[in-house]
Amino acid sequence: MPLRFLTAGESHGPALTAILEGMPAGVPLAVEAINHELARRQVGYGSGGRMKIEKDTVRLTSGVAVGVTTGGPIALHVENDDWANWEGRQVTPITRPRPGHADLTGGLKYGYNDLRHALERASARETTMRVAMGALCKALLEALDVTVGGYVIVLGPVEATIPARPLAELVTLAEANEMRCPDPEAAEAMREAVKAIRKAQDTLGGILEVVAEGVPPGLGSYVQWDRRLEARLALAMMSIQAMKGVEIGPAFRNATLPGTEVHDEIFMEGGRPVRHSNRAGGFEGGITTGEPVVVRAAMKPISTILAGLRSVDLATQREEKTVYERSDFTAVHRAVVVAEAMVAFVLADAMLEKLGGDSLGEILPRLALLHEQQAAWLQGGVSSEPYEWRVP
Ligand code: EPS
């Protein structure tokens, strides 16, 4: 795996850290672009009080010089502004695990005497660093003509109708409202649903979609289970806090239809094979087809619930309702930015694996050559001449 990253930090600790290793040299990088992504992750109707405290901005301390990457590990640092409210504070231990959160499983696993330690690291605060890291991957992808964008398609009971438009237009539509949904009518209904759920002291989940355009055919492989790029995308999506389901394209709907209505037929146009549909979500045999990559993820409702849920107090051994400190009512719109970052990471990694190279200058001609070779193969790489099958 050419690219890898680690994050560190607690939700209410002093700061968050990430290291991205394997980025080639010579990739233009603007701190403003990273901060722009961080700011996108912070907005969405139905956020709790924490987002009013934080103003996430990144400090790059390694791997970048004079606006371009050096090829060295890139270290990223974001301060938690909320730390000022926690440092030296007398904290009440959390003794009633919230159903759906990592409180009970974390406690059982690590033997904490305060369940707070589980939430500190399990918290989606960590996704700040995924987004900062993902902005670096997006910069590499941009240089390779790959665009990644996302939006909300379902929020609680509201399902959007996504217009058949290019990704850039869908993203512009989505970014124009607080629900990050490209269907303005559905966005309004989603907003109302969040308003109602807030009043009911409850929470909502939903489904988001991330699309990548410009991905060349031939990334990933069927030859080994862990080289199927779809599988790597699924891992990346499922690694995001609160995600409980993933599909490539409309996979779950495809499962209900006959094959003739699912598979994307191939036509010859302008001397090359083309598709008129992309129900495969950009993959066949674990390999990219050259059509847009489409990944969807289902997010469960936030598990910190104002009305409380039935649980047990592990200090008294009695059944009690959970205690509410502070949280979001929904975070699907904000999770879109995190999902984009993870898709960007997987695709940047797959591009580097396919193309190799230590600098952008080395990689760009390899990408041009890949396109040339694929075009040449389509024109004469396959022969109808019979031959004798042997295993030497
Ligand atoms: C989170 C709980 C909330 C969210 C947090 C994730 O934080 P707090 O407990 O401080 O109110 O705001 O998300 C973020 C801080 C963030 O940056 O997205 C949780 O328990 O997972």
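Every value quoted in this text rests on a predicted model; they were computed, and no experiment measured them.

### Things to note about the overall build of the protein chain
Reasoning step 1: Of regular secondary structure, the protein chain possesses twelve helices and 17 strands.
Reasoning step 2: Taken over the C-alpha trace, the protein chain has a radius of gyration of 23 Å; the compact-globule value for 392 residues is 21 Å, and the two agree within 12%.
Reasoning step 3: With the C-alpha coordinates of the protein chain rotated into their principal frame, the extents come out at 80 × 50 × 50 Å.
Reasoning step 4: By the burial criterion, 46% of the 392 residues in the protein chain qualify as buried.
Reasoning step 5: Pairs at least 24 apart in sequence give 71% of the contacts found in the protein chain among residues at least 6 apart.

### Examining the site of the ligand
Reasoning step 1: Around the ligand lies a shell formed by His12, Arg41, Arg50, Met51, His101, Ser123, Ala124, Arg125, Arg326, Asp328 and Arg334.
Reasoning step 2: In the environment of the ligand, an oxygen atom lies 2.7 Å from a nitrogen or oxygen atom belonging to the side chain of arginine 334.
Reasoning step 3: Protein coverage of the free-state accessible area of the ligand, which is 460 Å², stands at 91%.
Reasoning step 4: Here the ligand is seated within the largest pocket.
Reasoning step 5: Its residues assigned to classes, the shell around the ligand shows two nonpolar, three polar and six charged.

### Things to note about the side chain of serine 47
Reasoning step 1: Here serine 47 is to be found in the loop between α1 (31–42) and α2 (50–53).
Reasoning step 2: Judged by its relative accessible area of 13%, serine 47 falls in the buried class.
Reasoning step 3: Only 2.9 Å separates the side chain of serine 47 from the backbone oxygen of glycine 44, close enough to count as a polar contact.

### Notes on the nonpolar core
Side chains that are nonpolar tend, in soluble globular proteins, to be buried together.
Reasoning step 1: One finds Leu76, Met190, Leu208 and Met237 to be the most contacted residues of the largest nonpolar core, which totals 83 residues.
Reasoning step 2: Here this core gets 18 residues from one element, more than from any other, and that element is helix α11 (residues 332–355).
Reasoning step 3: Every residue in contact with methionine 237, bar those within four places of it in the chain, is listed here: Met243, Val246, Val295, Ala297, Ala339, Met342 and Val343.
Reasoning step 4: Counting nine residues, the second largest nonpolar core, distinct from the first, contains Ile153, Val154, Leu170 and Val171.

### What to know about the packing of α11 against helix α12 (residues 360–380)
Reasoning step 1: Put simply, α11 and α12 touch, their axes get as near as 10 Å, and they point 80° apart. Here α11 lies roughly perpendicular to α12, going by the angle between them. The residues of α12 that touch α11, namely those facing Met351, Leu352, Lys354 and Leu355, are Ile363, Arg366, Leu367 and Leu370.
Reasoning step 2: In terms of residue class, the contact of α11 with α12 is built from six nonpolar, no polar and two charged.

### A look at the pattern of salt bridges
Reasoning step 1: Here the structure, examined in full by the defined rule, presents 30 salt bridges.
Reasoning step 2: The shortest N-O distance in the salt bridge between arginine 98 and aspartate 103 comes to 2.8 Å.
Reasoning step 3: Glutamate 362 is paired through a salt bridge with arginine 366; the nearest N and O atoms lie 3.2 Å apart. Taken together, the residues span about one helical turn, with glutamate 362 and arginine 366 both in helix α12 at a distance of four residues.
Reasoning step 4: One continuous salt-bridge network, built from bridges that share partners, spans Arg41, Arg50, Glu54, Asp56, Asp82, Arg125 and Arg326.

### A few points about the pairing of strand β16 (residues 310–313)
Regular strands place side chains that alternate from one sheet face to the opposite one.
Reasoning step 1: Relative to strand β17 (residues 318–321), β16 runs antiparallel, the two being bridged by four bridges. Bridged to serine 311 within β17 is glutamate 320.
Reasoning step 2: From the end of β16 to the start of β17, which pair antiparallel, there are four residues, and glutamine 317 there has a positive phi angle of about 65°.

### Details of the sheet that holds strand β7 (residues 147–155)
Reasoning step 1: The antiparallel open sheet is built from five strands, whose spatial order is β8-β7-β9-β15-β10. Across the chains shown, the open sheet's two edge strands, defined by having one partner strand only, are β8 (158–159) and β10 (243–248).
Reasoning step 2: Summarising the sheet, β7 and strand β9 (residues 206–213) pair through eight bridges and their orientation is antiparallel. Paired with glycine 149 across the strands is valine 211, a residue of β9.
Reasoning step 3: Each of β7 and β9 touches helix α7 (residues 167–175); the most contacted strand, β7, lies at about 50° to it.
Reasoning step 4: Together, β7, β9, β10 and β15 (293–299) form the strand contacts of α11, whose direction differs from that of β7 by roughly 145°.

### Observations concerning unusual backbone geometry
Reasoning step 1: Although it is not a glycine, arginine 180 sits at a positive phi angle of roughly 55°.
Reasoning step 2: Note that arginine 180 resides in the loop between α7 and α8 (184–199).
Reasoning step 3: Classification of arginine 180 as buried rests on a relative accessible area of 3%.
Reasoning step 4: At alanine 242, a residue that is not glycine, the phi angle is positive and equals roughly 75°.
Reasoning step 5: Tracing the chain through its elements places alanine 242 in the loop between α9 (229–238) and β10.

### Some points on the sheet that holds strand β1 (residues 4–8)
One key point about sheets: their strands pair by backbone hydrogen bonds, in either a parallel or an antiparallel sense.
Reasoning step 1: Read across the open sheet, the four strands follow the order β1-β2-β6-β3; overall the sheet is antiparallel. Both outer strands of the open sheet, β1 and β3 (58–62), are each paired with one neighbouring strand and no more. In this sheet, adjacent strand axes meet at a mean angle of 20° when their direction is disregarded.
Reasoning step 2: Where β3 lies against strand β6 (residues 74–79), four bridges are found, and the strand directions are antiparallel. Across the sheet, arginine 59 pairs through a bridge with histidine 77, a residue of β6.

Calculation notes
Residues numbered from 1 in each chain as written. Predicted model: local features only at pLDDT ≥ 70, side-chain atom pairs only at ≥ 80, totals over all residues. Heavy atoms only, no water. Helix = DSSP H or I, 4+ residues; strand = E, 2+ residues; numbered from the N terminus. Rg over C-alpha atoms; globule rule 2.2 N^0.38 Å. Buried < 20%, exposed > 50% of the residue type's maximum accessible area, 1.4 Å probe, protein only. Contact = heavy atoms within 4.5 Å. Near = heavy atom within 4 Å. Polar contact = N/O pair within 3.5 Å; in protein donor to acceptor, adjacent residues only side chain to side chain. Areas by Shrake-Rupley, 256 points an atom, 1.4 Å probe, with all protein chains shown as cover. 1 Å grid on protein atoms, 1.4 Å probe; cavity = no way out; pocket = protein on both sides within 12 Å on 5 of 7 lines; lining within 4 Å. Sits in = over half its atoms within 2 Å of the grid points. Nonpolar A, V, L, I, M, F, W, Y, C, P; charged D, E, K, R; others polar. Core = buried A, V, L, I, M, F, W, Y, C linked by side-chain atoms within 4.5 Å. Axes fitted to C-alpha atoms, helices over the stretch in contact; angles between N-to-C directions. Parallel < 35°, antiparallel > 145°, perpendicular 65-115°, else oblique. Salt bridge = Lys/Arg side-chain N within 4 Å of Asp/Glu carboxyl O. Pairing = 2+ DSSP bridges.

Function-wise, these values are silent; they only describe arrangement.
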